[in-house]
Amino acid sequence: MKVLPGRKKAVGDGGAPEVRRKKLPTQKKGVRQRFLLFRDRTSDAVSAKGVRARFLNLQRKLHLTRTGQIAIVAAVIPWVIARVVAGNALYIFAYGTAALVITSYLLAPKNLKLKGERLGLRPRAHEGDRMDVEVQLVAERGVSTFILEERVPERLGTTVKVPISKLRRGSTVSHTYGLRCTRRGVYDIGPLVAVTNDPLGLTQRETVLAEKFEMLVHPRIEFVSDRPLTRRYEDPPIRPPFSRPWPSGLEFYGMREYKPGDELRRIVWRASARMGKLMVREAEEGITDHITIILDTDRGSHSQDGDHSESFEMGVRAAASLGVRHLRDGYEIRCETNNGPLTRELRGSTAQLSLLDSFARVEMARVPLSKVISRLITDPRRDAHNILITPKLLAADAAQLRLLLNKGVSILVVALIWDEANTETLSVATALGCQVAGVHPGQDLATALYHDIGAGSR
């Protein structure tokens, strides 16, 4: 049996059918995303900050000072040399040094009878706030020669270390230090510990006086303006290409030419006879009370400055400011990110705390913007005003955004311009017909939204 070119070999031809499987674009894209995620984790792990943090954690777990680490090295190296050359004297020196370190660890004081308390530390703060924290110690019995240590994240300040020579039973000592909330995020302050050393200074023991305290730093809020619409076709009221106008409104706005799909009861017959063509009555569009804020969290789109992204922080600040403004005005807010929904539906000024807590915890990820736009396209809701905050709008994202616009919804694109090469986002969003606002890092957010809003629809 002859097999024609381009035909798969049948089972009856004497062999198994040859099936050539091609890798789908989605599979290639998934492999690329996993590779980028692995690269990000590797770069974070080998960075100077990550190495230093792991070294400090290991040092605390081993309970060794720098002198103790040198003593361990001084015990290991002679042992290795003795293993190679079979020197008994070096074995004795290595074992003696190790025994000295173990004895020092057993002699170090532990479980100090102290009670610690923090005053002035709040669970939530705003970006730019300053706190004065007071630490109070009460001795249940006499202690001497220890260091009071409060571990503070680098973005809030430096680790507090207070040496205390002697503390009698029942006496109280206090110390005040300051915290500066320079950047939003979630921070663990503490634990508050009392560190004691052995007489030789080789090891150290820690007594926990107060556990870790979680503090949320909310992004800075600015008073911004926004005009929620039911859809982008407002002035003049043009019919969307693939959707029916929603809502119809109640007050008379004007008349326009009949288009297929319009209701016959909206035809104005007198005006049609006078104009020589069918004319329908158009009512004013209503104003929606549903707002969807979309924050682009793709790490590859934002600026990179170590572990800090200036464009991403500006985007979080813009999303939080718009969300708070609409909550105060009585709208229903829903926040979306590339990974998935950031918040549930929120309404009322009392929901501001939950909204700001969510924006304090949000972080960048390796998920493209197309994921969240695809979810919005499949969402049956069309009566929401959408605010897209992104630094980069690719061709594929613009194509999906066109499908979302064809549903007749209103879209405001807030373009985060952190580089001259990213100015094309403004032109792409304007060509689609969206409302557009360009924001530079460090620029006044209220001024940027007030002057540029509506540029795409005018």
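Our subject in this report is the structure included herewith. (Residues numbered from 1 in each chain as written. Predicted model: local features only at pLDDT ≥ 70, side-chain atom pairs only at ≥ 80, totals over all residues. Heavy atoms only, no water.)

Examining the environment of valine 439
- Examined against the element boundaries, valine 439 turns out to sit in strand β18 (residues 435-439).
- The class for valine 439 is buried, based on a relative accessible area of 1%.
- Valine 439 sits 25 residues away from valine 414 along the chain, and the two C-alpha atoms are 7.0 Å apart.
- When residues no more than four places from it in sequence are discounted, the contact partners of valine 439 are Met314, Val414, Ala415, Leu416, Ile417, Leu445 and Ala448. (Helix = DSSP H or I, 4+ residues; strand = E, 2+ residues; numbered from the N terminus. Buried < 20%, exposed > 50% of the residue type's maximum accessible area, 1.4 Å probe, protein only. Contact = heavy atoms within 4.5 Å.)

Focus: the nonpolar core
- Formed by 32 residues in total, the largest nonpolar core has its most connected members in Ile293, Phe359, Ile387 and Ile389.
- Taken together, the elements giving at least two residues each to this core come down to β13 (290-295), α6 (310-328), β14 (332-337), α7 (352-361), β16 (384-390), β17 (410-416), β18 and α11 (445-452).
- Once you skip the residues sitting within four places of it in the chain, phenylalanine 359 turns out to touch Arg184, Pro219, Leu295, Val316, Ala319, Ala320, Cys335 and Leu342.
- Core analysis: the next-biggest nonpolar cluster, separate from the first, contains 29 residues, Val160, Leu179, Ala194 and Ala210 among them. (Core = buried A, V, L, I, M, F, W, Y, C linked by side-chain atoms within 4.5 Å.)

Regarding the packing of α6 against α7
- Viewed as axis vectors pointing N to C, α6 and α7 meet at an angle of 170°, and their least axial separation amounts to 10 Å. The angle between α6 and α7 places the two elements in the roughly antiparallel class. Contact with α6, carried on its side by Val316, Ala319, Ala320, Gly323, Val324, Leu327 and Arg328, involves Gln352, Leu355, Leu356 and Phe359 of α7 and no other residues of that element.
- Classifying every residue of the contact of α6 with α7 by side-chain character gives 8 nonpolar, 2 polar and 1 charged. (Axes fitted to C-alpha atoms, helices over the stretch in contact; angles between N-to-C directions. Parallel < 35°, antiparallel > 145°, perpendicular 65-115°, else oblique. Nonpolar A, V, L, I, M, F, W, Y, C, P; charged D, E, K, R; others polar.)

A short note on the sheet that holds strand β6 (residues 172-180)
- Spatial ordering of the open sheet is given by β1-β3-β6, a layout of 3 strands whose pairing is antiparallel. At either end of the open sheet lies a strand with only one pairing partner, and these are β1 (114-119) and β6. Direction aside, the axes of adjacent strands within the sheet are offset by 20° on average.
- Pairing between β1 and strand β3 (residues 130-139): 6 bridges, direction antiparallel. Residue pairing across strands places leucine 119 opposite glutamate 134, the latter belonging to β3. (Pairing = 2+ DSSP bridges.)

Some details on the pairing of strand β10 (residues 213-218)
- The pairing of strand β2 (residues 124-126) with β10 spans 3 bridges and is classified as parallel. When the sheet's bridge partners are listed, alanine 125 is paired in β10 with valine 217.
- Of the pairings in the sheet, the one linking strand β7 (residues 185-189) to β10 comprises 5 bridges and is antiparallel in character. Following the sheet pairing, isoleucine 189 is matched in β10 by phenylalanine 213.

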